[in-house]
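Survey of secondary and tertiary structure
Here are the chains, one letter per residue:
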Amino acid sequence: KKLLKAGDVVKLSGVVLREWDGRRFAHVRKIEVVEHRSPPEPLAVSLAQILDGTVFNRAVRTEGTVIDAFKDEIDPRFFFLVIAA
């Protein structure tokens, strides 16, 4: 199993599936690294920009105070951070 690195440009093949609630996800069957570039610098954004979806799936940097942090109850590989501006 090959691990991807930040800056890898990849070619993916597989299918996009829709769950019962309408959410979509990709089931990737093959990954090919076609190039490696320097990863882009994270964008400096406000918390409002994160919430309005304009920077969805982008690397971002923001400022605020973390007031809570906890594991996702469904998938413990993920954490939630509660940030106050």
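Remember, it's a predicted structure, so these values are computed and weren't measured experimentally.

**A few points about the pattern of salt bridges**
In total, this model carries four salt bridges according to the counting rule given. Two residues, E35 and R37, come together in a salt bridge whose shortest N-O distance is 3.2 Å. Judged by relative accessible area, E35 falls into the partly exposed class, the value being 37%. In this structure, D75 engages R77 in a salt bridge whose closest nitrogen and oxygen atoms are separated by 2.7 Å. For R77, a relative accessible area of 66% puts it in the exposed group. Residues participating in the shared-partner salt-bridge network are E19, D21 and R23.

**Some details on a nonpolar patch on the surface**
A surface patch of nonpolar side chains, amounting to about 450 Å² of accessible area, comprises L4, V10, L12, V28, I31 and V33. Mapped onto the nonpolar patch, the elements with two or more residues apiece are strand 1 (8–18) and strand 2 (24–36). Per-element tally for the nonpolar patch: the top contributor is strand 2, with three residues.

**Overview of the packing of aromatic side chains**
The final tally for this structure, using the stated rule, is one aromatic pair. Ring centres of F70 and F80 lie 5.3 Å apart, and the angle between their planes is 25°; this geometry places the pair in the stacked category. In this pair, F70 is assigned in strand 5 (residues 65–71) and F80 in strand 6 (residues 79–84), connecting sequence segments 10 residues apart. Judged by relative accessible area, F70 falls into the partly exposed class, the value being 38%.

**Points about the confidence of the model for the chain**
On average, residues of the chain score 89 in pLDDT, and 99% of them reach the 70 mark or higher. Per-element mean pLDDT across the chain ranges from 89 in helix 1 (residues 47–52) up to 95 in strand 5.

**Considering the side chain of D72**
With respect to the element layout, D72 can be found in the loop between strand 5 and strand 6. Summary of buried charges: D72 has no salt-bridge partner, and the nearest side chain of opposite charge, R23, is 8.2 Å away. Reaching out from D72, the side chain makes a polar contact with the backbone nitrogen of D75 at a distance of 3.3 Å. Beyond its immediate sequence surroundings of up to four residues, D72 is in contact with F78, F79 and F80.

The rules behind the values
- Residues numbered from 1 in each chain as written.
- Predicted model: local features only at pLDDT ≥ 70, side-chain atom pairs only at ≥ 80, totals over all residues.
- Heavy atoms only, no water.
- Salt bridge = Lys/Arg side-chain N within 4 Å of Asp/Glu carboxyl O.
- Buried < 20%, exposed > 50% of the residue type's maximum accessible area, 1.4 Å probe, protein only.
- Patch = residues over 30% accessible without salt bridge, like charges linked within 9 Å, V, L, I, M, F, W, Y side chains within 5 Å.
- Areas by Shrake-Rupley, 256 points an atom, 1.4 Å probe, with all protein chains shown as cover.
- Helix = DSSP H or I, 4+ residues; strand = E, 2+ residues; numbered from the N terminus.
- Phe/Tyr/Trp six-rings, centres within 6.5 Å; stacked < 30°, edge-to-face > 60°.
- pLDDT = per-residue confidence, 0-100.
- Lys, Arg positive; Asp, Glu negative; His and termini not counted.
- Polar contact = N/O pair within 3.5 Å; in protein donor to acceptor, adjacent residues only side chain to side chain.
- Contact = heavy atoms within 4.5 Å.

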